[in-house]
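Fold and contact review
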Amino acid sequence: MNDGLTDLYQEVILDHSRNPRNFGPAEEADRTARGNNPLCGDRVTVFLNLDGDEISDAQFDARGCAISLASASMMTEMIKGKSVAEAKALFEKFHALVTGKNGVGASPDLAELETLSGVKNFPTRIKCATLAWHAMVAALDGADEDVKTE
Ligand code: FES
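Residues numbered from 1 in each chain as written. Predicted model: local features only at pLDDT ≥ 70, side-chain atom pairs only at ≥ 80, totals over all residues. Heavy atoms only, no water.

Some words on the overall build of the protein
- Broken down by element type, the protein carries 4 helices and 4 strands.
- If you list the helices and strands of the protein from N to C, you get α-β-β-β-α-α-α-β.
- In summary, the protein has a C-alpha radius of gyration of 14 Å against a globular reference of 15 Å for 150 residues, a match within 12%.
- At a minimum sequence separation of 6, the contacts of the protein that also span at least 24 residues come to 57%.
- Within the structure as shown, the protein displays about 7,400 Å² of accessible surface, and the carbon and sulfur contribution to it stands at 47%. (Helix = DSSP H or I, 4+ residues; strand = E, 2+ residues; numbered from the N terminus. Rg over C-alpha atoms; globule rule 2.2 N^0.38 Å. Contact = heavy atoms within 4.5 Å. Areas by Shrake-Rupley, 256 points an atom, 1.4 Å probe, with all protein chains shown as cover.)

Remarks on the environment of Leu50
- Considering the arrangement of structural elements, one finds Leu50 in strand S2 (residues 42-51).
- You can call Leu50 buried: its relative accessible area is 19%.
- Each C-alpha atom, one on Leu50 and one on Asn37, is 26 Å from the other, the two residues being 13 residues apart in sequence.
- Setting aside residues up to four positions removed in sequence, Leu50 forms contacts with Asp30, Arg31, Ile55, Ser56, Val84 and Leu140. (Buried < 20%, exposed > 50% of the residue type's maximum accessible area, 1.4 Å probe, protein only.)

Below, the structure is given as structure tokens:
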């Protein structure tokens, strides 16, 4: 990756981690789940509201590193307005992206998430990037409980 792109990616991640979107506990949520990264003890809680099959609102509360905050922030922005199936499909694509699995090429709906793709070379950072996503899927599955990144 050229340095310009690396700088841009770092800027996007820093922006989201310093000014996380949809941050803070939701007063009311239809679904909630907590993610726990056992490697560092960091936690994220995801709050979702559903309108039928559509995610009408998504918020998160967290104590974590810049990667985990940025990833949670991007995720909450991206899943709003998506159906449950679409949000889960996005998780699968994101997971493949950050774990370096084959078959995931550049895709418009992953453009911002691509900024996190550098973690694929750092297994412990993959857990940071996927923490909120595991919680989101658990919340959609109705599992009001702690989920771990492994
Ligand atoms: Fe704890 Fe990244 S170091 S979530």
